[in-house]
Amino acid sequence: MANSPQSKKRARQNENSRKHNTSLRSMARTYMKKIHVQIAEGNYEGAKAAFLQAQPILDSMINKGIFPKNKVARIKSRLNIKVKALQAA
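Quick caveat, the model's predicted, so the values are computed rather than measured.

Reading the values: rules and limits
Residues numbered from 1 in each chain as written. Predicted model: local features only at pLDDT ≥ 70, side-chain atom pairs only at ≥ 80, totals over all residues. Heavy atoms only, no water. Phe/Tyr/Trp six-rings, centres within 6.5 Å; stacked < 30°, edge-to-face > 60°. Lys NZ or Arg CZ within 6 Å of the ring centre and 35° of its normal. Core = buried A, V, L, I, M, F, W, Y, C linked by side-chain atoms within 4.5 Å. Buried < 20%, exposed > 50% of the residue type's maximum accessible area, 1.4 Å probe, protein only. Helix = DSSP H or I, 4+ residues; strand = E, 2+ residues; numbered from the N terminus. Contact = heavy atoms within 4.5 Å. Salt bridge = Lys/Arg side-chain N within 4 Å of Asp/Glu carboxyl O. Expected span 1.5 Å × (residues − 1). Bend = angle between axes of the 7 residues up to and from the residue.

S.K.: Give me the packing of aromatic side chains: which residues, what numbers.
M.R.: In total, this model carries zero aromatic pairs according to the counting rule given. Over the face of the ring belonging to tyrosine 31 we find lysine 34, whose NZ or CZ atom lies 4.9 Å from the ring centre.

So this is what it looks like as structure tokens:
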């Protein structure tokens, strides 16, 4: 448990930051799930629209420190491959 005023404040800030980051991470995952749902339905136009909507959200998560840059790049790449596969099918 924190004893000094400085460590108590730091503990409060960490808790607020954790809650905020959890909310942002959840939002990003929701956007990813929307794409997966459209892909599972075989809806190319819906998947493409969801992907275009999710891209800036995922990119902003990099700047906020929620996800590492390479992880977001990997996620976007894999989703884009799946979306393009729908168009070919």
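S.K.: Describe in detail the nonpolar core, supporting the description with residues and values.
M.R.: Core analysis: the largest hydrophobic core is formed by 21 residues, its most contacted members being Ile35, Met61, Phe67 and Val83. Going through the elements one at a time, helix 1 (5-41), helix 2 (44-63) and helix 3 (69-88) are the ones with two or more residues in this core. If one sorts the elements of this core by residue count, helix 2 sits on top with eight residues. Setting aside chain neighbours within four positions, we find methionine 61 in contact with Leu24, Met27, Ala28, Ile66 and Phe67.

S.K.: Requested: an account of the pattern of salt bridges, with residues and values cited.
M.R.: Evaluation of the coordinates by the stated rule reveals two salt bridges. For the salt bridge of arginine 18 with glutamate 15, the shortest nitrogen-to-oxygen distance reads 2.6 Å. One end of the pair, arginine 18, and the other, glutamate 15, are both in helix 1, three residues apart, so they sit about a helical turn from each other. For glutamate 15, a relative accessible area of 32% corresponds to the partly exposed category. Its salt-bridge partner being aspartate 59, residue lysine 76 comes within 2.7 Å of it at the nearest N-O pair. A residue pair is termed long-range when its members are at least 10 positions apart, and lysine 76 in helix 3 and aspartate 59 in helix 2 qualify at 17 residues. The exposure class assigned to lysine 76 is buried, which follows from its relative accessible area of 18%.

S.K.: Report on helix 2, specifying residues and quantitative values.
M.R.: Along an α-helix, a turn takes 3.6 residues, which lines up residues three or four apart on a common side. A rise of 1.5 Å per residue sets the reference length of helix 2, with its 20 residues, at 28 Å; its end C-alpha atoms lie 29 Å apart and thus fit the reference within 8%. Maximal helix bending in helix 2 amounts to about 30 degrees, located at alanine 54; proline proline 56 follows within four positions. The complete set of buried residues in helix 2 reads Tyr44, Gly46, Ala47, Ala50, Phe51, Ala54, Ile57, Leu58 and Met61. Note on helix 2: the residue one or two positions beyond its end, glycine 65, has a positive phi of about 80 degrees.

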